[in-house]
Amino acid sequence: QMQLVESGGGLVQPGGSLRLSCAASGFTLRYYTVGWFRQAPGKQREGVSCISKTAGMTNYADSAKGRFTISRDNAGNTVYLQMNSLKPEDTAVYYCAAFKVEVPAMCTMNIYTYDYWGQGAQVTVSS
């Protein structure tokens, strides 16, 4: 079965850092564009970042630019989201998702483009 599993979430103080991991099993992640999304209570799910299958293209939400960095380790079948300078408004459940593409530089934060989703990881930023 195809599965994505997020890890690395937790409680962190404002200004702190956290690194989320998205590990794939049952399929080879290097053939897929991967995105990170988040959903806070009472709000719609929103795109945070995405990365193309060869890492040649990345995209970030305005709220994440300069603070978050997406990367991938295709050999390890894992995608990461490094989050620095965290703010209380970053509190949400974070999801990774993937879709298979043929072109090497495809990256989108359109939620409806993604086929496979993880279960989510809670990130709480609070003092």
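Up top you'll find the structure we're talking about.
Reference entry: report on the structure contained in this document. Given the structure is predicted, the values throughout are model-derived calculations rather than measurements. (Residues numbered from 1 in each chain as written. Predicted model: local features only at pLDDT ≥ 70, side-chain atom pairs only at ≥ 80, totals over all residues. Heavy atoms only, no water.)

### Brief notes about the nonpolar core
Leu29, Trp36, Leu81, Met83 and Tyr94 are the most contacted members of the largest nonpolar core, which totals 28 residues. Listing elements by their share of this core, those giving two or more residues are β3 (18–25), β4 (32–39), β5 (46–51), β7 (68–73), β8 (78–83), β9 (92–100) and β11 (121–125). In this structure, tyrosine 94 is in contact with Glu6, Leu20, Trp36, Phe37, Arg38, Val48, Phe68, Leu81, Met83, Gly120, Ala121 and Val123, ignoring residues within four places of it in sequence. Ranked by size, the runner-up nonpolar core spans 7 residues in total, among them Ala97, Val101, Cys107 and Tyr114. (Core = buried A, V, L, I, M, F, W, Y, C linked by side-chain atoms within 4.5 Å. Buried < 20%, exposed > 50% of the residue type's maximum accessible area, 1.4 Å probe, protein only. Helix = DSSP H or I, 4+ residues; strand = E, 2+ residues; numbered from the N terminus. Contact = heavy atoms within 4.5 Å.)

### Quick notes on the pairing of β5
Of all the 6 residues making up β5, 5 are buried; the element is thus mostly covered by neighbouring parts of the structure. The sheet contact formed by β4 and β5 spans 5 bridges and is antiparallel. Of the residues in β5, the one forming a bridge with valine 34 is isoleucine 51. As defined by bridge partners, β5 adjoins strand β6 (residues 58–60) across 3 bridges and the pair is classed as antiparallel. (Pairing = 2+ DSSP bridges.)

### Considering the pairing of β8
Counting buried positions over the 6 residues of β8 gives 5, a clear majority of the element. In this structure, β3 lies alongside β8, joined through 6 bridges in antiparallel fashion. Directly across from leucine 18, in β8, lies its bridge partner methionine 83. Relative to β8, β7 is paired through 6 bridges, and the arrangement is antiparallel. Of the residues in β8, the one forming a bridge with serine 71 is tyrosine 80. Taking the residues between adjacent antiparallel strands as the criterion, β7 and β8 are bridged by 4 residues, where asparagine 77 takes a positive phi near 60 degrees.

### Considering the pattern of salt bridges
Counting across every chain of the model gives 4 salt bridges. One salt bridge connects aspartate 62 with lysine 65, and the closest N-O pair in it is separated by 3.4 Å. Because the salt bridges share partners, they merge into one network encompassing Arg38, Glu46, Arg67 and Asp90. (Salt bridge = Lys/Arg side-chain N within 4 Å of Asp/Glu carboxyl O.)

### What about the sheet that holds strand β1 (residues 3–7)?
Reading across from one edge, β1-β3-β8-β7 is the order of the 4 strands in this open sheet, with antiparallel pairing throughout. A strand with exactly one partner marks an edge of an open sheet, and here the two such strands are β1 and β7. Adjacent strand axes in the sheet meet at a mean angle of 15 degrees when their direction is disregarded. (Axes fitted to C-alpha atoms, helices over the stretch in contact; angles between N-to-C directions.)

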